[in-house]
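Here are the chains, one letter per residue:
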Amino acid sequence: MHKITKIFISFLLIVIFNITFYTVSAKYVIDDIYTVAKLDIDRCKPQITLTKIISSNSNYPTYANKKHTISGHIKLTEKNIVRNDFSLEHIQILVANKVIEPNFKTFSLVSDNGVDKIYEFSFDNTTTDGSLAIFIPSGIVEDKSGQVNDETILSTNIYVDNTPPVASFQEISSSDNKSKAEISVNEAVRPLSGWDISDDCKILTKEFNNYISYSLPIVDLAENSSDILVDIKNATNIVLQYGSFDDYSNQTLVSSGSISSPNTISSNSICKTEAIFMKLDGNIPSSSLQARCYVYTHWGNGTSKACNYSELLYSHGYNPWLDYNCRKQHYV
């Protein structure tokens, strides 16, 4: 009985001692923590992206020909650079996936915040036709981890076009002795004043009252131009218009207008004069119209002045138009 009791007590002491030992040891393991090293792991390669690009073609900035200046920004992103060879020598301009040699006007670093570097560029003389892109080769920028940038083609939304539009003309007779002119073009063109244009900007139409023939410039979205002959032969109406010249600094023909009156030209303290004219359109002999033309002055009742150019004397109000060479009233 005594022997069993001694063995049991000895076992309990061993267990208690072991628990105390491990508890004390664990305390010191938790308290004694040391920082061996800090690792800065860079898994990102240098990135090159296009952030802005535009052409000097103000009305259609996504179209350009060789006369326009194309400008933009390229961003280089990397905070741990050890080698940076990004320059004009490592940039290629592509049009329709073919390398061209434009005229670079500027290329410089304009911003650097330690992570992002912004390069500004501009060039012109962008030849051939097709979509514009910028090629960046691999390996021109390296970071501390030995990583280099990937080969990149920076796509743009600019289409380069150096080919003039090709147009054809057709006259379509309509009612009331009028004709409709229709111009069909092989590409989208700019609107023309006085002409209707289709949704795809490839068909121009206009109705004419009378015979007329003239050359009309057609301009595409990239500002290339070609001429088309508008030749109306089947319209037989005769159109009579009248109007006036009232600004001698800008001789603008105002058709179907009334006389300007003193209020309109009161800002001109010198040339307070307007010339009243008539205009006749139609396939008729020149002798079919007889009219008398006048010059109207607004100098005030009872006043008169001589023209500095012709030396002819003009009075306030209507004055028959005179040929100053023969000093006789002129009729047309």
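Residues numbered from 1 in each chain as written. Predicted model: local features only at pLDDT ≥ 70, side-chain atom pairs only at ≥ 80, totals over all residues. Heavy atoms only, no water.

1. A few points about the overall build of the protein
Helix and strand content of the protein: two helices and 26 strands. Put simply, of all contacts in the protein between residues at least 6 apart along the chain, 57% involve residues at least 24 apart. When the accessible surface of the protein is totalled, it reaches about 21,400 Å², and 53% of it is carbon and sulfur. (Helix = DSSP H or I, 4+ residues; strand = E, 2+ residues; numbered from the N terminus. Contact = heavy atoms within 4.5 Å. Areas by Shrake-Rupley, 256 points an atom, 1.4 Å probe, with all protein chains shown as cover.)

2. Here we look at the sheet that holds strand β3 (residues 70-77)
Taken together, four strands build an open sheet; the order of strands is β1-β3-β8-β7 and the sheet is antiparallel. For this open sheet the edge positions go to β1 (47-55) and β7 (103-112), each flanked by a neighbour on one side alone. Each adjacent strand pair in this sheet contributes to an overall mean axis angle of 20°, direction not counted. One ladder, built from eight bridges, connects β1 with β3; its direction is antiparallel. Looking at the pairing, Thr49 lines up with Lys75 of β3. (Pairing = 2+ DSSP bridges. Axes fitted to C-alpha atoms, helices over the stretch in contact; angles between N-to-C directions.)

3. Describing the sheet that holds strand β11 (residues 152-160)
Judged by pairing direction, the sheet is mixed, and its five strands sit side by side in the order β2-β11-β9-β5-β6 without closing on themselves. Where the open sheet ends on each side, the last strands, each with one partner, are β2 (63-64) and β6 (98-100). As paired strands, β2 and β11 are joined by two bridges and run parallel to one another. For Ala64, the partnering residue across the bridge sits in β11 and is Val160.

4. Some details on the nonpolar core
Grouped together as the largest cluster of nonpolar side chains are 22 residues, with contacts concentrated most on Phe86, Leu132, Ile134 and Ile136. Secondary structure elements with two or more residues in this core: β1, β3, β5 (92-95), β8 (116-124), β9 (130-136) and β11. The contact partners of Leu132, leaving out residues within four places of it in the chain, are Ile53, Ile70, Ile93, Leu94, Val95, Phe123, Thr126, Ser155, Thr156, Ile158 and Val160. Grouped together as the second largest cluster of nonpolar side chains are 14 residues, Ile183, Ile228, Val230 and Ile232 included. (Core = buried A, V, L, I, M, F, W, Y, C linked by side-chain atoms within 4.5 Å. Buried < 20%, exposed > 50% of the residue type's maximum accessible area, 1.4 Å probe, protein only.)

By themselves, these observations are geometric and do not establish any function.
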